[in-house]
Amino acid sequence: MRAVDLIGKKRDGGELTSSELTFLIDGYSRGDIPDYQMSALAMAVYFQGMTARETASLTLAMANSGDQVDLGPIHGIKVDKHSTGGVGDKTTLIIAPLVASVGVPVAKMSGRGLGHTGGTIDKLESIDGFQTELLRERFIAQVNDISLSVIGQSGNMAPADKKLYALRDVTATVESIPLIASSVMSKKIAAGADAIVLDVKTGSGAFMKTLEQSEELAQAMVAIGTEVGRRTAAVISDMDQPLGYAIGNALEVIEAIDTLKGKGPDDLTELCLTLGAHMVVLGGKAAGVDEAKVLLRGQLHNGEALDKFIAFVTAQGGDRAVIDDPSKLPQAAVKVEVKAQAEGFVGAIEAERLGLAAMLLGAGRATKEAEIDHSVGVVLRKKVGDAVAPGDVLAVLHARENNDTAAEVAAMVADAYRIAKTQPEGRSLLLSVVTAEGVKRY
């Protein structure tokens, strides 16, 4: 078997076998197949695509290239959740304890953020003392005890994916649906869950800008999960504006705590209930999504979801006092108000621009080596559809100091808002659901 022959086969529209894809991924991982040949293969896939079986085989080969997590000792059906990313996306902080509170075990491995804001692990590290690295035995014991643990990903999980992604990033092949789908799912499969719920974002603040693209990606990922024996569902949600109001690590923790107290923003609450409901159904604790949503809404209002979050934070060494007094979380030294200059309605918000603004304040990383400032970020006061008058506060920056960077970011935030003369029509947050049975639009 030679790499050049397999590249030619895919270039000409052929279907690669599982053994051929394993040969390519194993060879590339070992260094036997050079970057220039794998670049050629990635470009061939970009133009020719892959079948569902090919994509599943590629995914398994990448998952098998590193550590495999055995969640077998954990009782029950383990359900994982993954988001394709967005601005203000703090859903894991809410969904994990919410779902665990009805007895669905959540044994989750999350990453650090590179880009707009920190990842789930960065957000959790806003809580003083919170431990994101646990020994395997303690991780499993904690999930068996309280149905929940969230830790950092293994450094050797799906290493072939990390190597291939870096190559795709410099060869203009990032946008290939089969390569995106296999990249996401290889890590989810290696993490060992029995079932997977995917939150696929669409819109200006998401990687996939259109609903059709997002549905195509969701279908590819659901097909992979189905092919390898993992029950998988995907929810397509809107990211034309930030989720909730807070963008930034400690700020998002505060909003997550409010949501667990039943006082969160409507959009964030609704998305968490929907994603959580699909997890509960896959976890065997409800017969249908509507029943599961009623169950979970009750957990927000009776305090059990919040109690589970407290147990989770305490079990991993975090200071539970922050839950009662969020002022104990990291606080920015300076707050800068961004005010409206015109009268009308918020017609649109460039979510990606707000994410970049938060990163420039220090809430995210431009490079892997960059340090996160947990205290900084942006809190919106107005969202799409809200009426505004000159002088109304659109957003508040939480910054390290009132300097040129803060002024630049304030201008960027103001520019991200589009003020319209008439109130825009509302856009649904939840757009479609993708399962093995197909696509269903709301």
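Preceding block: the structure.
All of the points below concern the structure found in this document. Because the structure is a prediction, the values reported are computed rather than measured.

## Brief notes about the layout of surface pockets
In this approach a probe as big as a water molecule rolls over the atoms, and the regions it shows empty are the leftover space.
Inference 1: Taken as a whole, the second largest pocket encloses approximately 470 Å³ of empty space.
Inference 2: In terms of lining, the second largest pocket is formed by 24 residues, of which the most central are Asp238, Gln241, Lys383, Val384 and Arg427.
Inference 3: Mapped by element, the contributors of at least two residues to the lining of the second largest pocket are helix 12 (266-282) and strand 8 (344-349).
Inference 4: The leading source of residues in the lining of the second largest pocket is strand 8, at three residues.
Inference 5: The class makeup of the residues in the lining of the second largest pocket is nine nonpolar, six polar and nine charged.

## Re the packing of helix 1 (residues 3-11) against helix 2 (residues 18-30)
Inference 1: At a closest axis distance of 11 Å, the pairing of helix 1 and helix 2 adopts a crossing angle of 125°. Classified by the interaxial angle, the pair formed by helix 1 and helix 2 is oblique. Crossing geometry of helix 1 relative to helix 2 is assigned as left-handed. Across the interface between the two elements, Ala3, Leu6 and Lys9 from helix 1 touch Glu20, Phe23 and Leu24 from helix 2.

## Focus on the packing of aromatic side chains
For any pair of aromatic rings, geometry is given as the distance between the ring centres together with the angle between the planes.
Inference 1: Under the definition given, this model contains three aromatic pairs.
Inference 2: Ring plane angle 85° and centroid distance 5.2 Å describe the contact between Tyr46 and Phe47, whose orientation is recorded as edge-to-face.
Inference 3: One aromatic cluster is present, formed by Phe130, Phe309 and Phe312 through successive ring pairs.
Inference 4: Note that Lys163 overlies the ring of Tyr28, its terminal NZ or CZ placed 4.4 Å from the centroid.

## Concerning the side chain of Ser432
Inference 1: In this fold, Ser432 is placed in strand 13 (residues 430-435).
Inference 2: Ser432 gets classed as buried once you look at its relative accessible area, which sits at 0%.
Inference 3: Here the side chain of Ser432 touches Glu215 through a polar contact of 3.0 Å, side chain to side chain.
Inference 4: The residues touching Ser432, leaving out its near neighbours within four places in the chain, are Leu211, Glu215, Ala234, Val235, Ile236, Val439, Lys440, Arg441 and Tyr442.

## Some remarks on empty space enclosed by the protein
Inference 1: Under the defined criterion, the tally for this structure stands at three cavities of 30 Å³ or more.
Inference 2: Of the voids in this model, the largest cavity is the one considered here, and its volume is about 70 Å³.
Inference 3: If you trace the largest cavity, you find it lined by Leu21, Leu24, Ile25, Met38, Leu41, Ala42, Val45, Met50, Leu58, Leu164 and Leu179.
Inference 4: At the level of secondary structure, the elements contributing two or more residues to the lining of the largest cavity comprise helix 2 and helix 3 (35-48).
Inference 5: If one sorts the elements of the lining of the largest cavity by residue count, helix 3 sits on top with four residues.
Inference 6: Residue classes in the lining of the largest cavity are distributed as 11 nonpolar, no polar and no charged.

## Section: the sheet that holds strand 7 (residues 334-339)
Inference 1: Spatially, 6-9-11-7 is the arrangement adopted by the four strands of the open sheet, whose pairing is antiparallel. Edge positions in the sheet fall to strand 6 (246-247) and strand 7, since each has one partner strand and no second.
Inference 2: Two strands pair when backbone bridges link them, and strand 9 (residues 377-380) and strand 11 (residues 393-399) are joined in this way by four bridges, in the antiparallel orientation. Along strand 11, the bridge assignment pairs Val378 with Leu397.
Inference 3: Relative to the sheet, helix 16 (residues 351-361) contacts strand 6, strand 9 and strand 11, its axis offset from that of strand 9 by approximately 140°.

## Considering helix 5 (residues 91-100)
Inference 1: Most of helix 5 sits out of view: 10 of its 10 residues are buried.
Inference 2: The complete set of buried residues in helix 5 reads Thr91, Thr92, Leu93, Ile94, Ile95, Ala96, Pro97, Leu98, Val99 and Ala100.

## A word on the environment of Lys162
Inference 1: Mapped onto the elements of the fold, Lys162 is located in helix 8 (residues 159-169).
Inference 2: Looking at Lys162, the relative accessible area reads 40%, which means it is partly exposed.
Inference 3: The sequence separation of Lys162 and Gln48 amounts to 114 residues, and the corresponding C-alpha distance is 22 Å.

## Some remarks on unusual backbone geometry
Inference 1: Non-glycine residue Ser147 carries a positive phi angle of around 70°.
Inference 2: Relative accessible area serves as the criterion here: at 16%, Ser147 is assigned to the buried category.
Inference 3: At Ala172, a position not held by glycine, the phi torsion is positive, near 60°.
Inference 4: Note on placement: Ala172 falls in the loop between helix 8 and helix 9 (177-190).

## A short note on the nonpolar core
Inference 1: Membership of the largest hydrophobic core comes to 84 residues, with the highest contact counts inside it found for Phe312, Leu397 and Val413.
Inference 2: For this core, the element with the most residues is helix 12, which contributes 10 residues.
Inference 3: The contact partners of Phe312, leaving out residues within four places of it in the chain, are Leu124, Phe130, Gln142, Ile146, Leu148, Ser149 and Val150.
Inference 4: With 34 residues, the next largest nonpolar core counts Ile74, Ile177, Leu198 and Met221 among its residues.

Parameters at a glance
- Residues numbered from 1 in each chain as written.
- Predicted model: local features only at pLDDT ≥ 70, side-chain atom pairs only at ≥ 80, totals over all residues.
- Heavy atoms only, no water.
- 1 Å grid on protein atoms, 1.4 Å probe; cavity = no way out; pocket = protein on both sides within 12 Å on 5 of 7 lines; lining within 4 Å.
- Points joined across faces, edges and corners; volume = space filled by probe spheres on them.
- Helix = DSSP H or I, 4+ residues; strand = E, 2+ residues; numbered from the N terminus.
- Nonpolar A, V, L, I, M, F, W, Y, C, P; charged D, E, K, R; others polar.
- Axes fitted to C-alpha atoms, helices over the stretch in contact; angles between N-to-C directions.
- Parallel < 35°, antiparallel > 145°, perpendicular 65-115°, else oblique.
- Left-handed = near helix turned anticlockwise from the far one by under 90°.
- Contact = heavy atoms within 4.5 Å.
- Phe/Tyr/Trp six-rings, centres within 6.5 Å; stacked < 30°, edge-to-face > 60°.
- Lys NZ or Arg CZ within 6 Å of the ring centre and 35° of its normal.
- Buried < 20%, exposed > 50% of the residue type's maximum accessible area, 1.4 Å probe, protein only.
- Polar contact = N/O pair within 3.5 Å; in protein donor to acceptor, adjacent residues only side chain to side chain.
- Pairing = 2+ DSSP bridges.
- Core = buried A, V, L, I, M, F, W, Y, C linked by side-chain atoms within 4.5 Å.

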